[in-house]
4 protein chains.
Amino acid sequence: MKKILNFINGEWCEASTGKFIPVLNPANGQVLAEVTQSSKEDVDQAVQAAKQAQKSWRLVPAPERAEMLYKVAYLLKERKEHLAQVLTSEMGKVIAEGRGEVQEAIDMAFYMAGEGRRLFGETVPSELRNKFAMSVRVPIGVAGLITPWNFPIAIASWKSLPALVAGNAVVWKPATETPMVAEEFVKIYQEAGLPKGLINLVNGSGSEVGNAMVDHPGIDLISFTGSNEVGAAINGRAGALLKKTSLEMGGKNAITVLEDADIDLAVEGILWGAFGTSGQRCTATSRVIVHEAVKDTLTEKLLSRIDELKMGNGLDESVKVGPVINRSALERIDEYVKIGQEEGAKLLTGGKIAAEEGLGSGNFYLPTIFTDVTSDMRIAKEEIFGPVVSIISVNSLEEAVEVNNSVEFGLSSAIYTADINNAFQAMRDLDTGLVYVNAGTTGAEIHLPFGGTKGTGNGHRDSGTASLDVFTEWKSIYVDYSGKLQRAQIDNY
Amino acid sequence: MKKILNFINGEWCEASTGKFIPVLNPANGQVLAEVTQSSKEDVDQAVQAAKQAQKSWRLVPAPERAEMLYKVAYLLKERKEHLAQVLTSEMGKVIAEGRGEVQEAIDMAFYMAGEGRRLFGETVPSELRNKFAMSVRVPIGVAGLITPWNFPIAIASWKSLPALVAGNAVVWKPATETPMVAEEFVKIYQEAGLPKGLINLVNGSGSEVGNAMVDHPGIDLISFTGSNEVGAAINGRAGALLKKTSLEMGGKNAITVLEDADIDLAVEGILWGAFGTSGQRCTATSRVIVHEAVKDTLTEKLLSRIDELKMGNGLDESVKVGPVINRSALERIDEYVKIGQEEGAKLLTGGKIAAEEGLGSGNFYLPTIFTDVTSDMRIAKEEIFGPVVSIISVNSLEEAVEVNNSVEFGLSSAIYTADINNAFQAMRDLDTGLVYVNAGTTGAEIHLPFGGTKGTGNGHRDSGTASLDVFTEWKSIYVDYSGKLQRAQIDNY
Amino acid sequence: MKKILNFINGEWCEASTGKFIPVLNPANGQVLAEVTQSSKEDVDQAVQAAKQAQKSWRLVPAPERAEMLYKVAYLLKERKEHLAQVLTSEMGKVIAEGRGEVQEAIDMAFYMAGEGRRLFGETVPSELRNKFAMSVRVPIGVAGLITPWNFPIAIASWKSLPALVAGNAVVWKPATETPMVAEEFVKIYQEAGLPKGLINLVNGSGSEVGNAMVDHPGIDLISFTGSNEVGAAINGRAGALLKKTSLEMGGKNAITVLEDADIDLAVEGILWGAFGTSGQRCTATSRVIVHEAVKDTLTEKLLSRIDELKMGNGLDESVKVGPVINRSALERIDEYVKIGQEEGAKLLTGGKIAAEEGLGSGNFYLPTIFTDVTSDMRIAKEEIFGPVVSIISVNSLEEAVEVNNSVEFGLSSAIYTADINNAFQAMRDLDTGLVYVNAGTTGAEIHLPFGGTKGTGNGHRDSGTASLDVFTEWKSIYVDYSGKLQRAQIDNY
Amino acid sequence: MKKILNFINGEWCEASTGKFIPVLNPANGQVLAEVTQSSKEDVDQAVQAAKQAQKSWRLVPAPERAEMLYKVAYLLKERKEHLAQVLTSEMGKVIAEGRGEVQEAIDMAFYMAGEGRRLFGETVPSELRNKFAMSVRVPIGVAGLITPWNFPIAIASWKSLPALVAGNAVVWKPATETPMVAEEFVKIYQEAGLPKGLINLVNGSGSEVGNAMVDHPGIDLISFTGSNEVGAAINGRAGALLKKTSLEMGGKNAITVLEDADIDLAVEGILWGAFGTSGQRCTATSRVIVHEAVKDTLTEKLLSRIDELKMGNGLDESVKVGPVINRSALERIDEYVKIGQEEGAKLLTGGKIAAEEGLGSGNFYLPTIFTDVTSDMRIAKEEIFGPVVSIISVNSLEEAVEVNNSVEFGLSSAIYTADINNAFQAMRDLDTGLVYVNAGTTGAEIHLPFGGTKGTGNGHRDSGTASLDVFTEWKSIYVDYSGKLQRAQIDNY
């Protein structure tokens, strides 16, 4: 049986507990490997290694740090297919999406390598004579990364790459469900020649390893992607310790379809947004807000396409919808479907665990559509994280915006409309961190800020140059070469 | 007796409790006014007004919002002397510094007004054909500002001006010691024509008003400047609620003086940094790290200048050192002096409450210098916030950096050296958010990021364009005009 | 008779020639003043003064330079109405537009004053250890400004304000037709306290004064707005002398109206774009490219509105269209109308010099619309600079883009369409420096780059932060503090 | 005999003239290859191909364009040694510098590939309601590149890579002396899969090919690096045609050595700056401005190191100084040495063509030092472009700055000083585009702006993001979604 170990200070090692838990293929329940389960002690070792390594790393010229990231980029590219296979086998998403996710990590590696010669700070004029003023970005120190199973390599790349190019060291706890692709990613860092101690992988549970990271005084920053419950707990705990935090949490993303929209295009967007990755993307479409006038047409067209969504093992190229991550997810989804029905929503299709030939041993849930949903129902407000979408009808753009904005999350929203005025109004008024026009709620590009407003985050963004604001701080530098005491705001007025 | 009221939804009003407390002049104990003491209910009213007002404000073109800020700038400029007088009378700093502080608010008003036509976001190329991508800054909503008494108008300006120009509404709790200048500042906003509800002033204690602000679901962001204890408590509490926070807290700032430094210049910097504002600036110099070789010369020169530091009422132009803020501060400082002596530090001058003619009724503490201090003593590690400075000797730049970085704070540090290599090494290695070369630890300019590393903050910065990252979030917008479903990272590889 | 003098080295003085020419009101031929006519010698004096003054000015902290610009902003604001009156009387545009133009100068003054604390350069990581790298903006030296009569104060503000805030000195030759508002503007600079020699006004002809400026070795940069013929001549001459040049020249701007456009809105845009400022804006609409399907409707609606365009003296608030600048302009326009008719275009309205009561003594040309124009006609290709617009019909967006791009100019274009896909395609494909969607070809805002592609310019832009690239150069600074020889690209690979 | 051909529209082809000229190894006069000599017709074909190719290329998403640049980067890296060998054999520089130069191209390829996802434009708030404003970078069209022999691949990379990533097509005329490495570079573009027509190589003389490029209406932009004479001629000619130009021309770079400098370090910097690349870098050190007090020490130390500068074929790893480019360069250098002697400068070493064993057949000139040079001598003012350096003594930093700035060029300058105040004063006052502190005049890094003030350029910069300002123009886009006519500066005031 393949064993997934920790990687601490440049060595692959078993956790101090000696315990392992199995890694399951969600498509068929098969045990793929077992993964070591760490304790506080392992976290502590990782942090010590990271602290030590960071002391030299910050002095390595950033362009030289970036050389290593370019190597990471090329290794990721070379192994794209292999990584996609590993990722699909432990996580379940269909292979085309697996490849897309690896591509995201590749793109991010090139992008962040490019920051080695950028990491721009500012030179500005001083208000005093013979004085020079500027700002530079400095690393934070040790970054603790806690990443989810739904984008196990993409999100890890979003966090580890900017952290490293900026001169930080990393302690990384991947999701317990997806340690295999994490191991592969760390091996690539290792092979690229990253000095020991700069990336440390600590496998284990959130309650044990995650909390130990949050509490450890040697970790200066927690960057977390996951659920709101866990995020809020981390944030309170880390907050009281005055630790920097960057959080990316839940969404309840909606596609709005206006009267004048290209309905067929909207249907494509909804199917891809709601059922891609079995609805387990943080940006998944879980609400459709449709103008009353086109509601029936849209619904019919959606239903007519449901049969195309072949379910099965994601490694099969013909499959369109894979399993959800595990049994308890399956049950939670089913629970929400029951709640929806109790709340009076009308189930149009799906609504149950798939039991067809060959699916029974996996965690498959039928693509599910509710209609006649109102915005106060729980299925219209809470994150389900499965292949379930709710249709809500409205009578105007203004009402659509209101419904869209009524939830506590603010990650992604999309609008389908042919009208430029509607589109620009929506761009302005949809209160989410990502807004799409005539495209679904998913499909962010790596060079733009990624994240959400309100309950989705704490103001920070992954991705793009915005993520540098998470992994660096500003140092303002003043050089007075006047040879005398000069007092800003006083001596010059 | 002058009464200071709240300002809520465009109206000056008494707090719901009916209670008032006196505002004292720290130079002579005189009661200057009394200030209303608010409760949760007042906070709630302010928040409701702010929420309502923000709905329209975000739609006002930013250049138009900025017009109001230019008016604020001009009114501040016009009333500079009056504001300085008010501020000195309730806070105690000498009038030249009072004017300097008002100037800081003026400069910030012009600067932030200039953001009305900037607030730059990015246009970037999309990775897909017929797709457009960009990011824009959006306001957070309602910003809760909690500001200290030591820079009662400057810090309020740092927070309220960017908040407003970016489209937020403000609920502001000033320090209980300095409500008078807060009232003046709000009047200026009012006079400049700021629509009602956009700035709300709620006077009262931190435990009542501050906590109510932190807990109120209608406040989206807390921007706090104050002590570490309070900051950590706020951050834990707000963090668990997933509220955005920006914190600016303590410092234990050092001036390093190397062998090759211009000693007279360093002496000027130390006197101004340690005893200006009676040591009550967050960037005050509270440690002097001096090379053994020049320690004696430096110490002598410092001592020879102590007599110039005339104490007294800050309104007297000839006074150089005013009172500290209140009686309990006086006692805390005196306590620290005793601790220092017990720890074995050698008291060179000062070390007691001033009892001279005319000072007894105020809160005056003699400028105090300790020498033979080691970096493990409490007086070398904890923030004293009074006119007390500790001399620590070292034998190299490396050791100086180590001592400088050994404290839990990371706000400001300064180095005096004639040598360019030393200077650049120090700029790189001093682990603080502000670094000065051949200038003291104070004197930040308003267009550079202000704030600190480690225990001083949570990664955010006031001042400059960096403060926009506190008061806005990124919205990434994608427009797909291809007329078909395009999948990033998948369809183009 | 009012005399307009030169302003050199802080003194108002007559030109060395002793000659004066009259300044005429184009609405009635009345002589308003007479203006001094300079020679090479005057230019030389101005340049010497500027060179001298610039030596100290570059050392004045930019925030302090900006203080003066804020004063300029306030004086412009205070005198807005007066300036508008002067401008309308010598230039002819209707008073509402005169006010708008002054507002543009006000906005620009505030904006450029804001650069005093910005003028951002970059800090970047060096590729070598113990080495620091950054770039700063430095002034060019003496900037020679040659400005046109159609926006006599706005364009002067676009050029002089960034020049000055960045640390340059200015020698300015305004158009001979509009010296009065130039004098007013310089007086404001004087009153704001700008040190002598920093702005020098030299009145006179292009052939004498303009050429002397281009040839003078003491002028480092020529920023010119005017015709293509003059621009090309200046550029060749200055180019051979390796002098920096920034040119803003002609346009042949089109409004495209697609099938799905809001026709009434398009009509508003065309009337304002084609006949505002009597067609004498560089961004004036001189072509309408309309989809065949809506051509008739559009044409009819346009014609039905022509009578609203009351002609007369611009100082009369009810007047919508003022005179053109002078007699020769009137004749040139009339010539073009004859050419159009000879080329086979169909004249729908206007087409002659206005001879009605009270207009005869001014330079009035009737608002003129041609239809059945083809893109190879001279009236469809050459800049007429008068109230003449040509309707060209097309059958698709692609054809509209092709027609739009077929001219040698590339200043401004506009498209009216309700469709978002059309709009974004047009934004991408219209080959002009300014693109408007559902707005006419005029109305640039001062904080965005202003200028055109192809024959319209030489790559530079006025306005916004882009104009800093005209008035500053980059200085890259490297500090090696390693104490040894390090060779980039060699020692680190 | 190897034949170097043109590369037009994706095909390698002979020039229309049928003529070839030999390519010589400057170290031994050996014929390495012969290169085709083009005419106007070849230029025209190249331009037609480029125009055609650019039409599609601008529509390729920039991140996809960048994919090709990453391939170029990797191919350059793979072939680094081979390219360095080719380059050294035809150009003469020592192999370590040859490798360094190729590394520069590699670094630039990665950097510019990184622009594929950047090419940042700005989103800004509009001053009007319901209006959106932004700017994007657009390509210029066809860029004509004219590059020199001294950095035959580095400078070609500086110009072609940003041109291509930004969406332009390229017509490239390399120096006639260095066509071999040009061919290698183009082959790499070809192999990387760049679509045909996007890079076109046209070999031939400046008078024939260069002028044809400048005159051709299909070339929108000329980016030239070379001599001032040629640059001025190009600029006048292109200027009159309103063609965009970017020029990088001569230098007369100085190293200043102050009293307090580390003399040994300065000596290292001078030897490397003056004699590296046999003094044929545009940033070569051709003046040493030394404080009188250290002049003798510096001179002695310099002389004592001269013997280390072994001359010979650059392919020999032990050689430190290679040949100059050709016979006429050798003669021009020798002529300048005679001029220096006639002017009264004192020749300390060198001063003649090397005639030692094995050098006679190459173009070798002995490393030459003049002292007692005054700043009005021709050898102190004109660019010699050979291994000749002139020592000028001064008595203060101010005088050093004056001497440094007294020449008509402004490319690079360096200062050696231990004193931070001197250093910052020099950074501010040295009037060159590149300033080095405690490093020689060469060694720019690829991510900072490269270029000079005054006679060295026309305000533009190669390298870094500044070079995007050469190869793109701004398009400002306004979308009015208010559904009504709104007039900026008028309706909102």
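Residues numbered from 1 in each chain as written. Chains lettered and ligands numbered in written order. Predicted model: local features only at pLDDT ≥ 70, side-chain atom pairs only at ≥ 80, totals over all residues. Heavy atoms only, no water.

In the annotation of an unreviewed UniProt entry, chain A is listed under the name 3-sulfolactaldehyde dehydrogenase and assigned to Neobacillus mesonae. Here chain A is described in UniProt, under the heading Catalytic activity (unreviewed entry), as follows: "(2S)-3-sulfolactaldehyde + NAD(+) + H2O = (2S)-3-sulfolactate + NADH + 2 H(+)". Its UniProt record gives chain A the following Subunit (unreviewed entry) comment, quoted word for word: "Homotetramer." (UniProt positions renumbered as here; feature names shortened; annotations may be inferred.)

Undergrad: Explain the overall build of chain A here, please?
TA: The helix and strand inventory of chain A stands at 14 helices and 22 strands. Over its C-alpha trace chain A gives a radius of gyration of 24 Å, about what one expects of a compact globule, namely 23 Å for 493 residues. Over its C-alpha atoms, taken along the principal directions, chain A stretches across nearly 80 × 65 × 40 Å. In chain A, buried positions account for 70% of the 493 residues. Counting only contacts in chain A whose residues sit at least 6 apart along the sequence, the fraction spanning at least 24 positions is 74%. Carbon and sulfur atoms form 49% of the exposed surface of chain A, whose accessible area is close to 14400 Å². (Helix = DSSP H or I, 4+ residues; strand = E, 2+ residues; numbered from the N terminus. Rg over C-alpha atoms; globule rule 2.2 N^0.38 Å. Buried < 20%, exposed > 50% of the residue type's maximum accessible area, 1.4 Å probe, protein only. Contact = heavy atoms within 4.5 Å. Areas by Shrake-Rupley, 256 points an atom, 1.4 Å probe, with all protein chains shown as cover.)

Undergrad: Would you mind going over the sheet that holds strand β5 (residues 31-36) of chain C with me for this structure?
TA: Sheet strands line up and pair through hydrogen bonds in the backbone, either parallel or antiparallel. Residue and element names in this part refer to chain C. On the basis of which strands lie adjacent, the open sheet formed by 3 strands has the order β1-β5-β4 and mixed pairing. Strand pairing shows two members of the sheet lacking a second neighbour, β1 (3-4) and β4 (20-24), which therefore form its edges. With 2 bridges joining them, β1 and β5 adopt parallel strand pairing. Bridge pairing links Lys3 to Glu34 in β5. (Pairing = 2+ DSSP bridges.)

Undergrad: What exactly am I supposed to notice about the domain arrangement of chain A here?
TA: Accessible area lost on assembly of the parts is the figure often given for the size of an interface. Residues and elements named next belong to chain A. One can read the domain layout of chain A as domain 1 (3-249 + 457-477) and domain 2 (253-437). Here the C-alpha centroids of domain 1 and domain 2 sit 31 Å apart. Taking both sides of the interface into account, the surface hidden between domain 1 and domain 2 amounts to around 1900 Å²; carbon and sulfur atoms contribute 59%. At the boundary of domain 1 with domain 2, the tally comes to 5 residue pairs in polar contact (both at pLDDT 80 or more). (Domains from an automatic or database assignment. Buried area = accessible area lost by both parts, 1.4 Å probe. Polar contact = N/O pair within 3.5 Å; in protein donor to acceptor, adjacent residues only side chain to side chain.)

Undergrad: So what exactly am I meant to see when it comes to the interface of chain A and chain B here?
TA: Contacts between the two partners involve 81 residues from chain A, matched on the other side by 81 residues from chain B. For the pair chain A and chain B, the two sides together bury roughly 6600 Å², of which 55% comes from carbon and sulfur. Ranking the residues of chain A by area buried against chain B places Leu242(A), Tyr478(A) and Gln489(A) at the top, with a combined share of 12%. Applying the counting rule to chain A against chain B returns 6 salt bridges. Across the salt bridge formed by Lys131(B) and Glu445(A), the nearest N and O atoms sit 2.8 Å from each other. (Salt bridge = Lys/Arg side-chain N within 4 Å of Asp/Glu carboxyl O.)

Undergrad: Is there a simple way to explain the UniProt feature "domain: Aldehyde dehydrogenase" (unreviewed entry) in chain A in this structure?
TA: The sites that UniProt annotates as "domain: Aldehyde dehydrogenase" (unreviewed entry) are residues 12-477 of chain A. Strand forms 21% of residues 12-477 of chain A and helix 39%; the C-alpha atoms that close the span are 41 Å apart.

Undergrad: What's the story with helix α7 (residues 206-215) of chain A in this structure? I'm lost.
TA: What sets the pattern is the α-helix's 3.6 residues per turn: residues three or four places apart point alike. Those residues of α7(A) lying buried are Val209(A), Gly210(A), Ala212(A), Met213(A) and Val214(A). For α7(A), the secondary structure elements touched by its buried residues are α1 (40-57), β8 (142-146), β9 (169-173), β11 (221-225) and α8 (228-240) of chain A.

Undergrad: Looking at this structure, how should I read the packing of helix α3 (residues 80-91) of chain B against helix α6 (residues 179-191) of chain B?
TA: Working note: a packed helix pair is described by the angle between its axes plus the distance between those axes. Residues and elements named next belong to chain B. One way to put it is that α3 packs onto α6 with a least axis distance of 8 Å and a crossing angle of 155°. As far as their axial angle goes, α6 and α3 are roughly antiparallel. Contacts from His82, Leu83, Val86, Leu87 and Glu90 in α3 reach Pro179, Met180, Val181, Glu184 and Ile188 in α6. (Axes fitted to C-alpha atoms, helices over the stretch in contact; angles between N-to-C directions. Parallel < 35°, antiparallel > 145°, perpendicular 65-115°, else oblique.)

Undergrad: Sorry if this is basic, but what is going on with the interface of chain C and chain D here?
TA: Of the residues lining the interface, 81 residues belong to chain C; the matching set on chain D comes to 81 residues. When the two sides are added together, the surface that chain C and chain D hide from each other amounts to roughly 6600 Å², 55% of it contributed by carbon and sulfur. It is Leu242(C), Tyr478(C) and Gln489(C) that lose the most area in chain C upon contact with chain D, and together they represent 12% of the buried surface on that side. Connecting chain C to chain D are 6 salt bridges. At the junction of chain C with chain D, the criterion picks out 40 residue pairs in polar contact (both at pLDDT 80 or more). Sorting elements by how many residues they give to the side of chain C that touches chain D places strand β22 (residues 472-480) of chain C first, with 8 residues. Here the residues of the side of chain C that touches chain D sort into 34 nonpolar, 26 polar and 21 charged. (Nonpolar A, V, L, I, M, F, W, Y, C, P; charged D, E, K, R; others polar.)

Undergrad: Explanation requested: the relation of the copies chain C and chain D in the structure shown.
TA: Both copies of the chain are tied together by a single rotation about an axis and a shift running along it. Relative to chain D, chain C is turned by 180° and slid 0.0 Å along the rotation axis, the superposed coordinates differing by an RMSD of 0.0 Å. Taken together, these values place the two copies in the relation of a two-fold axis. Proximity to the rotation axis, assessed at the C-alpha, singles out Gly236(C) in chain C; its C-alpha lies 2.2 Å from the axis. (Least-squares fit on C-alpha atoms with pLDDT ≥ 70 in both.)

Undergrad: Would you mind showing me how to read a nonpolar patch on the surface here?
TA: Residues and elements named next belong to chain A. A cluster of nonpolar side chains, namely Met1, Leu24 and Val31, defines an oily patch on the protein surface of about 300 Å² accessible area. With respect to the element layout, Val31 can be found in strand β5 (residues 31-36). For Val31, a relative accessible area of 39% translates into the label partly exposed. (Patch = residues over 30% accessible without salt bridge, like charges linked within 9 Å, V, L, I, M, F, W, Y side chains within 5 Å.)

Undergrad: Looking at this structure, I do not really get the relation of the copies chain A and chain B. What am I missing?
TA: Once chain A has been moved 0.0 Å along the axis and rotated by 180°, it coincides with chain B to within an RMSD of 0.0 Å. Of the interface residues in chain A, 100% have counterparts in chain B that sit at the interface too, so the contact is made through matching surfaces.

Undergrad: Just checking my understanding: could you explain the side chain of Asn363(C) for this structure?
TA: For Asn363(C), the location among the structural elements is in the loop between β15 (346-349) and β16 (368-371). Reaching out from Asn363(C), the side chain makes a polar contact with the backbone oxygen of Ile325(C) at a distance of 3.5 Å.

Undergrad: Just checking my understanding: could you explain the UniProt feature "active site" (unreviewed entry) in chain A for this structure?
TA: Residues and elements named next belong to chain A. Those residues carrying the UniProt feature "active site" (unreviewed entry) are Glu248 in this numbering. Mapping Glu248 onto the fold places it in strand β12 (residues 244-248). Glu248 sits in the buried class, given a relative accessible area of 3%. Setting aside chain neighbours within four positions, we find Glu248 in contact with Phe224, Thr225, Gly226, Leu411, Phe450, Gly451, Gly452, Thr456, His460 and Asp462.

Undergrad: Would you explain the sheet that holds strand β4 (residues 20-24) of chain B in this entry?
TA: Residues and elements named next belong to chain B. Strand order in the open sheet formed by 3 strands is β1-β5-β4, with mixed pairing between adjacent strands. A single partner strand is all that each edge strand has here, and the edge strands are β1 (3-4) and β4. Sheet topology places β4 next to strand β5 (residues 31-36); 5 bridges connect them, and they run antiparallel. Looking across to β5, one finds that Phe20 is bridged to Thr36.

Undergrad: Would you mind showing me how to read unusual backbone geometry here?
TA: Peptide bonds are mostly trans, and most non-glycine residues show a negative phi. At Phe385(A), a residue that is not glycine, the phi angle is positive and equals roughly 60°. When you line up the elements, Phe385(A) lands in the loop between β16 (368-371) and β17 (388-394).

Undergrad: What's the story with the packing of aromatic side chains in this structure? I'm lost.
TA: What describes a pair of aromatic rings is the distance from one ring centre to the other and the angle between the planes of the rings. Applying the stated rule across the entire model yields 50 aromatic pairs over all chains. Where Phe110(A) meets Tyr70(D), the ring centres are 4.2 Å apart and the plane angle is 40°; that geometry is what we call tilted. Pair noted here: Phe110(A) is in helix α4 (residues 95-114) and Tyr70(D) is in helix α2 (residues 62-78), and the two residues belong to different chains. Like Tyr70(D), Phe110(A) is buried. Where Phe7(D) meets Trp12(D), the ring centres are 4.7 Å apart and the plane angle is 50°; that geometry is what we call tilted. By relative accessible area, Phe7(D) is classed as buried at 4%. Owing to a relative accessible area of 25%, Trp12(D) belongs among the partly exposed residues under this scheme. One residue, Lys93(C), lies across the ring of Phe151(C), its end atom 3.7 Å from the ring centre. Arg281(D) extends its terminal NZ or CZ atom over the ring of Trp272(D), reaching a point 4.7 Å from the ring centre. (Phe/Tyr/Trp six-rings, centres within 6.5 Å; stacked < 30°, edge-to-face > 60°. Lys NZ or Arg CZ within 6 Å of the ring centre and 35° of its normal.)

Undergrad: Help me out: how do you make sense of the pairing of strand β9 (residues 169-173) of chain B in this one?
TA: Residue and element names in this part refer to chain B. Among the 5 residues in β9, 5 count as buried, and that is most of the element. Burial of the side chains of β9 extends over both faces: Ala169, Val171 and Lys173 are buried on one face and Val170 and Trp172 on the other. Of the pairings in the sheet, the one linking strand β8 (residues 142-146) to β9 comprises 5 bridges and is parallel in character. Looking at β9, one finds that Ala143 is bridged to Val170. Crossover connection from β8 via helix α5 (residues 154-165) to parallel β9: handedness right-handed. The handedness of the β9 to strand β10 (residues 199-201) crossover, carried by α6, is right-handed. (Right-handed = clockwise from strand over helix to strand, strands pointing away.)

Undergrad: Please explain the pattern of salt bridges as it appears in this structure.
TA: Residue and element names in this part refer to chain B. Per the counting criterion, the structure on display carries 101 salt bridges over all chains. In this structure, Glu34 and Lys3 form a salt bridge, with 2.6 Å as the shortest nitrogen-oxygen distance. Linking Glu34 in strand β5 with Lys3 in strand β1, this pair joins segments that are 31 residues apart in sequence. Overall, Glu34 belongs to the partly exposed group, its relative accessible area being 23%.

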